[in-house]
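Observations on chain architecture
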Amino acid sequence: MDLDAITKQSALHAKPDGLTLQYGTAGFRTKAEHLDHVMFRMGLLAVLRSKQTKSTIGVMVTASHNPEEDNGVKLVDPLGEMLAASWEEHATCLANAEEQHLPRVLVDISEKAAVDLHQDAFVVIGRDTRPSSEKLSQSVIDGVTVLGGQFHDYGLLTTPQLHYMVFCRNSEGQYGEASVEGYYQKLSSAFVELTKQAFCSGDDHRTLKVDCANGIGALKLAEMKHYFSQGLSVQLFNDGTRGKLNHLCGADFVKSHQKPPQGIEMKANERCCSFDGDADRIVYYYHDADGQFHLIDGDKIATLISSFLKELLLEIGDGLSLGVVQTAYANGSSTRYLEEVMKVPVYCTKTGVKHLHHKAQEFDIGVYFEANGHGTVLFSKAAETKIKQLAKESEDEKRKAAKMLENVIDLFNQTIGDAISDMLVIEAILALKGLTVQQWDALYTDLPNRQLKVKVADRQVISTTDAERQVVKPPGLQEAINDLVKKYRLSRAFVRPSGTEDIVRVYAEADSQENTDSLAYEVSLAVFQLAGGIGERPQRGF
Ligand SMILES: CC(=O)N[C@H]1[C@@H](OP(=O)(O)O)O[C@H](CO)[C@@H](O)[C@@H]1O
Ligand SMILES: [Mg+2]
């Protein structure tokens, strides 16, 4: 390590005095103007991680569903997964080191993590469409270069595309070809193959309206749609030509406001979906004939996919295990339906896909989705081998089911939740099962729910346990929540500090929307009073 060169370069990406940031749920996220030094340093860290793992590491510049003025960065580990937890700590230390301590912190990390500094390093970089992203990704490159790392800058990519590239490169192409073209080809041919097997549903020309949140998903879907146009025609809205990123549109807006995005024309009973700003989340929705809005969120997506997979598994009859992983935000009705009606084991982890992903790896087939529409399905190596073998050797129905599963494996992005890949899986399942969006929606009825945000001086005063369903600190808060929950039927509420925004999140569920809103308000007030609320007190009514 040429520490002098690093110090000199770092001065060009100087850290503002006193600014501290944390590697949160999905990396660092804050106002773009505070991130230059973090980007440079994540370039440095990616090189160290690459040397240590002797693999290609990814760096994605994005702040997903956050407002356009924000930005963020996260590292992608060798198998396309989120960065390992122990390295998140290194990332936080490095990002917060004052200029003069930077060389020492770098040496410390290298020693602690036993990095072989003579090893080569390779880093791949992607970015979303935010106005600040291009310059910030250049700062990442400066960091990579000064530590002697090689790199490939993919430029504009969806977050899941970058995860895919990392895995392709580290699997020597076995997972797919590490190019945008390779990604389009792999997913589209799996989709076309899978839907070929759809028995005539009478709806051969399927169309879907897609709200792209004015983000990167629009560019990539516009490029890709020609590859699968025979099976599905997609109509893009909020494609970035006019509106602002994530503003009144996108998956996060639709899920949290439980209403359609602006900028999309919805006719009664038409199937529509929204991506988020970096295209790793998707939610579906429609208006019924009475003009009522119906949201089909990540929980219902997980249910549709699990029931489809369960049927195929029964047909191949090979005893492969299937599990579903959710977070505390999963609607109570979905958990009940999965466990009691579908008889599928369901597990709850902390928020953030890295937690769900790791739990899902424990099954032959692990389905994981956050309620907000971020998720995918993982197939173990053993399951994949078995399915491939059955697709070759077995006969008739069994073979047909195995072949379908083979295509499903290729259609899912197994590195991370992917709006484009999930959309194609969902469209394939609906076509194969001949299901309308209303029939899908009718699988179960969501319990009314509400999410609120409370501003506090320091959100870290709240700590939680039991997959974030119980508060441990500050004292008295959990007892207050328990007392409030008791007042309502079918009720549940929990609070946790956000890992991506400077707020505390409140979630409530109950038998009616009115009761849910009351409960959410009362819990917000308890947080405000017991956890150091600042600014305006929470108000009743939304
Ligand atoms: C309630 C909620 O939707 N939380 C989101 C949000 O995390 P928070 O830590 O809650 O801010 O952003 C994460 C990253 O996109 C996503 O994984 C997670 O589900
Ligand atoms: Mg996202």
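Labelled according to an unreviewed UniProt entry, the chain appears under the name Phosphoacetylglucosamine mutase, originating from Muntiacus muntjak. Looking at the chain in UniProt, the text filed under Catalytic activity (unreviewed entry) is "N-acetyl-alpha-D-glucosamine 1-phosphate = N-acetyl-D-glucosamine 6-phosphate". The record in UniProt for the chain states the following under Sequence similarities (unreviewed entry): "Belongs to the phosphohexose mutase family."

1. Remarks on unusual backbone geometry
In this chain, Lys473 is followed by Pro474 through a cis amide linkage whose omega measures 0°. Although it is not a glycine, Asn246 adopts a positive phi angle of roughly 60°. Structurally, the position occupied by Asn246 is in the loop between strand S7 (233–237) and helix H9 (251–257). Its relative accessible area of 14% is what places Asn246 among the buried residues. Although it is not a glycine, Leu248 adopts a positive phi angle of roughly 60°. Note that Leu248 resides in the loop between S7 and H9.

2. Notes on the nonpolar core
Grouped together as the largest cluster of nonpolar side chains are 82 residues, with contacts concentrated most on Phe275, Leu309, Met423 and Leu424. Ranked by size, the runner-up nonpolar core spans 42 residues in total, among them Val38, Val59, Ala91 and Leu94.

3. Comments concerning the pairing of strand S10 (residues 293–296)
In S10, alternate side chains face the same way, and those of Phe293 and Leu295 on one face and His294 and Ile296 on the other are all buried. By the bridge criterion, four bridges tie strand S9 (residues 282–287) to S10 in an arrangement that is antiparallel. Bridging from a neighbouring strand, Tyr284 pairs with Ile296 of S10. Here S9 folds back onto S10 in antiparallel fashion, the turn holding five residues, of which Gly291 has a positive phi close to 80°.

4. Here's the deal with the coordination of the magnesium ion (ligand 2)
Taken together, Ser64 (OG), Asp276 (OD), Asp278 (OD) and Asp280 (OD) make up the full set of protein donors to the magnesium ion (ligand 2), lying 2.0 to 2.2 Å away. Of note, the magnesium ion (ligand 2) draws all its donor residues from one chain, in the sequence arrangement S-x211-D-x1-D-x1-D. Linking Ser64 in the loop between strand S2 (56–61) and strand S3 (70–76) with Asp276 in the loop between strand S8 (272–275) and S9, this pair joins segments that are 212 residues apart in sequence. Here the two residues Ser64 and Asp276 agree in accessibility, since each one is buried.

5. A word on the domain arrangement of the chain
Examined at the domain level, the chain breaks down into domain 1 (1–155), domain 2 (180–294), domain 3 (296–413 + 436–440) and domain 4 (447–529). Using C-alpha coordinates to define each centre, domain 1 is positioned 32 Å away from domain 2. If you look at the interface, domain 1 gives nine residues, while domain 2 gives 13 residues. Buried area between domain 1 and domain 2, both sides added, is near 920 Å², and the carbon and sulfur share of it is 53%. In terms of surface lost to domain 2, no three residues of domain 1 exceed His65, Glu68 and Thr129, which account for 53% of the buried area on that side. Connecting domain 1 to domain 2 are one salt bridge. Taking the shortest distance from any N to any O, the salt bridge between Glu69 and Lys244 comes out at 3.1 Å. Run the count over domain 1 and domain 2 and you get eight residue pairs in polar contact (both at pLDDT 80 or more).

6. With respect to the side chain of Asn331
Along the chain, Asn331 falls in the loop between strand S11 (322–327) and helix H11 (332–341). The exposure class of Asn331 is buried, given its relative accessible area of 2%. Within the structure, the side chain of Asn331 is placed 3.1 Å from the backbone nitrogen of Ser333, a separation counted as a polar contact. The residues touching Asn331, leaving out its near neighbours within four places in the chain, are Asp299, Asp446, Leu447, Asn449, Tyr507 and Glu509.

7. Quick word on the pairing of strand S18 (residues 492–497)
Of all the six residues making up S18, five are buried; the element is thus mostly covered by neighbouring parts of the structure. Strand direction decides the pairing type here: S18 and strand S19 (residues 504–509), joined by six bridges, are antiparallel. Within S19, the position partnered with Pro497 by the bridge is Val504.

Definitions and cut-offs
Residues numbered from 1 in each chain as written. Chains lettered and ligands numbered in written order. Predicted model: local features only at pLDDT ≥ 70, side-chain atom pairs only at ≥ 80, totals over all residues. Heavy atoms only, no water. UniProt positions renumbered as here; feature names shortened; annotations may be inferred. Helix = DSSP H or I, 4+ residues; strand = E, 2+ residues; numbered from the N terminus. Buried < 20%, exposed > 50% of the residue type's maximum accessible area, 1.4 Å probe, protein only. Core = buried A, V, L, I, M, F, W, Y, C linked by side-chain atoms within 4.5 Å. Pairing = 2+ DSSP bridges. Donors = N, O, S within 2.8 Å, 3.2 Å for Na, K, Ca; no water. Domains from an automatic or database assignment. Contact = heavy atoms within 4.5 Å. Buried area = accessible area lost by both parts, 1.4 Å probe. Salt bridge = Lys/Arg side-chain N within 4 Å of Asp/Glu carboxyl O. Polar contact = N/O pair within 3.5 Å; in protein donor to acceptor, adjacent residues only side chain to side chain.

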